[in-house]
Amino acid sequence: MKILLTGAKGFVGKNLSLELKNRGYTDLYLYDLDSDPSVLSDYCRDCDFVFHLAGVNRPKQVSEFKTGNVDFTAKLLTCLDAHRNPCPVMLSSSSQAALDNPYGLSKQEGEKLVRVHAEKHQTQAYIYRFPNIFGKWCRPNYNSAVATFCYNISRNIDIQVNDREVIMNLVYIDDVVDELIEALEQREHRNGDFCFVPAVYNRRLGDIVDLLYLFKSTRRERSLPDMSDAFTKKLYATYLSYLPKDGFSYPLSMHIDERGSFTEFIRTPTRGQFSVNITKPGITKGNHWHHTKNEKFLVVSGKGVIRFRNMDAGDEAAGEIISYYVSGEKLEVVDIPVGYTHNIENLGDTDMVTFMWSNEIFDPIHPDTYFEEVKNS
């Protein structure tokens, strides 16, 4: 298919054009404000589908609403008519089209033009009244509160919140792109004259701001938010996309001694804690056991042995030393069961690096860690 995108360099256009390429749609006609106006005719002659994303929402003059949202739409449809091209047209409208303001009225008029064009050519019109869209590559300090807040908070710039109780209706850019490609492939979600993105999030403005400040603190605290919530996961991804270019990394606290080092990597509210352990050659670490805390060890570099002994004196194999030889050349996870004292020894001549997971975040008041040599005394 040959697909025309107007507003191709805008927020939705950039995301959509790249995902279309990812999915094998390579014949894309990308049209934007800096395009040679003469190419529009060629595009309209050849295209099989139009994503009409171009529009004006923050003009310097009110008259620009009509120029950008009505007149250009009319020009596009007239160009398709001139080439007798009955291809379907998708229109990016706005939830404000239901309101009596200059922007909303201009969007209403654009919708009417597309609907009339579809009826004339007995083809489909895909009209989407989008609510607020958030995600990567949205222009901050323009018309998106989420983009502005992400940009400013990540840079320690103060933000202004006039009313924390305002409810925002939001759709995520990836969900928008998925839905638009569904429309291209005639599987759109439709309710009467309008199409819609199924996943809509209704959130208090204050709650969104609180989440963004939480995201900022998680990098300092080596933690992660609860990714089981779809909106939180998408907002977190959005926030990271606005980090300053010199702010992608952040330091960790390494606990270093003559044996090597131990560094906490990530703490999660419901999935435990992840750490990196470096053990010097000939060194043994551990020799302790837990009641409830359980762990997973993965040696990713070097070679060593993990030893266990059951603390249950009544066990028929009491005193038996269980050994698991591990190496970065053969990645395998070793579970550390409760009730077994255990240690890990570096058998190589280089540092041994072990990735460790614990089912709970370390609590110094209740560490659930008890010293006991693996070898019988």
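The coordinates are above.
Fair warning: this is a prediction, and the values are worked out from it, not measured in the lab. (Residues numbered from 1 in each chain as written. Predicted model: local features only at pLDDT ≥ 70, side-chain atom pairs only at ≥ 80, totals over all residues. Heavy atoms only, no water.)

1. With respect to helix 5 (residues 145-153)
- Of all nine residues in helix 5, seven are buried, a share of seventy percent or more.
- For helix 5, the complete set of buried residues consists of Val 146, Ala 147, Thr 148, Phe 149, Cys 150, Asn 152 and Ile 153.
- Lining the buried residues of helix 5 we find strand 6 (132-134), strand 7 (167-172), helix 7 (205-221) and helix 8 (230-241). (Buried < 20%, exposed > 50% of the residue type's maximum accessible area, 1.4 Å probe, protein only. Helix = DSSP H or I, 4+ residues; strand = E, 2+ residues; numbered from the N terminus. Contact = heavy atoms within 4.5 Å.)

2. A few points about the pairing of strand 13 (residues 272-279)
- Alignment of strand 12 (residues 260-268) against strand 13, held across eight bridges, turns out to be antiparallel. Its bridge partner being in strand 13, Gly 260 is matched across the sheet by Thr 279.
- Between strand 12 and strand 13, which follow one another and run antiparallel, lie three residues. (Pairing = 2+ DSSP bridges.)

3. Focus: the sheet that holds strand 18 (residues 333-336)
- Within the open sheet, the six strands sit side by side as 11-12-13-20-15-18. Their pairing is antiparallel. Strands at the two margins of the open sheet, each flanked by one partner only, are strand 11 (254-257) and strand 18. Adjacent strand axes in the sheet meet at a mean angle of 20 degrees when their direction is disregarded.
- For strand 15 (residues 295-301) and strand 20 (residues 352-358), the ladder comprises six bridges, and the chain directions are antiparallel. Across the sheet, residue Glu 295 finds its bridge partner in strand 20, namely Ser 358. (Axes fitted to C-alpha atoms, helices over the stretch in contact; angles between N-to-C directions.)

4. Focus: the pattern of salt bridges
- On inspection of all chains with the given rule, the structure shows 24 salt bridges.
- A salt bridge links Lys 234 to Asp 175; its shortest N-O distance comes to 2.7 Å. With Lys 234 in helix 8 and Asp 175 in helix 6 (residues 173-184), this pair connects stretches of sequence that are 59 residues apart. Across the pair, Asp 175 and Lys 234 agree in class, each one buried.
- The closest approach of N and O atoms between Glu 188 and Arg 190, which form a salt bridge, is 3.2 Å.
- Arg 190 sits in the partly exposed class, given a relative accessible area of 30%.
- The network of salt bridges with shared partners includes Glu 19, Arg 23 and Asp 178. (Salt bridge = Lys/Arg side-chain N within 4 Å of Asp/Glu carboxyl O.)

5. Describing a nonpolar patch on the surface
- The grouping of Tyr 250, Leu 252 and Phe 265 at the surface amounts to a nonpolar patch, some 240 Å² of accessible area in total.
- Within the element layout of this structure, Tyr 250 appears in the loop between helix 8 and strand 11.
- Relative accessible area serves as the criterion here: at 33%, Tyr 250 is assigned to the partly exposed category. (Patch = residues over 30% accessible without salt bridge, like charges linked within 9 Å, V, L, I, M, F, W, Y side chains within 5 Å. Areas by Shrake-Rupley, 256 points an atom, 1.4 Å probe, with all protein chains shown as cover.)

6. Details of helix 2 (residues 39-46)
- Looking only at helix 2, the buried set comprises Leu 40, Tyr 43 and Cys 44. Buried residues of helix 2 fall within an arc of 95 degrees about the axis and therefore sit on the same side.
- Along its buried surface, helix 2 packs onto strand 1 (2-6), strand 2 (27-31) and helix 3 (63-82). (Arc of directions from axis to C-beta.)

7. Some remarks on the packing of aromatic side chains
- Applying the stated criterion across every chain yields a total of 15 aromatic pairs.
- Taking the centre distance of 4.7 Å and the plane angle of 5 degrees together, the rings of Tyr 29 and Tyr 43 count as stacked. With a gap of 14 residues between them, Tyr 29 in strand 2 and Tyr 43 in helix 2 connect regions that are remote in the sequence.
- Its relative accessible area of 17% is what places Tyr 29 among the buried residues.
- An aromatic cluster of at least three residues, connected via ring pairs, comprises Phe 134, Tyr 172, Tyr 201 and Phe 231.
- Its end group placed over the ring of Trp 137, Lys 136 keeps NZ or CZ at 4.8 Å from the ring centre.
- Sitting over the face of the ring of Tyr 142, Arg 139 holds its NZ or CZ atom 4.1 Å from the ring centroid. (Phe/Tyr/Trp six-rings, centres within 6.5 Å; stacked < 30°, edge-to-face > 60°. Lys NZ or Arg CZ within 6 Å of the ring centre and 35° of its normal.)

8. A short note on the pairing of strand 5 (residues 125-130)
- When you tally the buried positions in strand 5, you get five out of six residues, the bulk of the element.
- As paired strands, strand 4 (residues 89-94) and strand 5 are joined by six bridges and run parallel to one another. Bridging across to strand 5, Met 90 finds its partner in Tyr 126.
- Viewed along the sheet, the connection from strand 4 through helix 4 (residues 102-121) into strand 5 turns out right-handed. (Right-handed = clockwise from strand over helix to strand, strands pointing away.)

9. Describing the sheet that holds strand 21 (residues 370-371)
- Read from one edge to the other, the open sheet built from five strands follows the order 17-16-19-14-21, with strand pairing classed as antiparallel. The open sheet terminates on both sides in strands that have one partner only, identified here as strand 17 (322-327) and strand 21.
- In this sheet, strand 17 lies alongside strand 16 (residues 303-310) in antiparallel orientation, the contact comprising six bridges. When the bridges of strand 17 are listed, Arg 307 appears paired with Ser 323.

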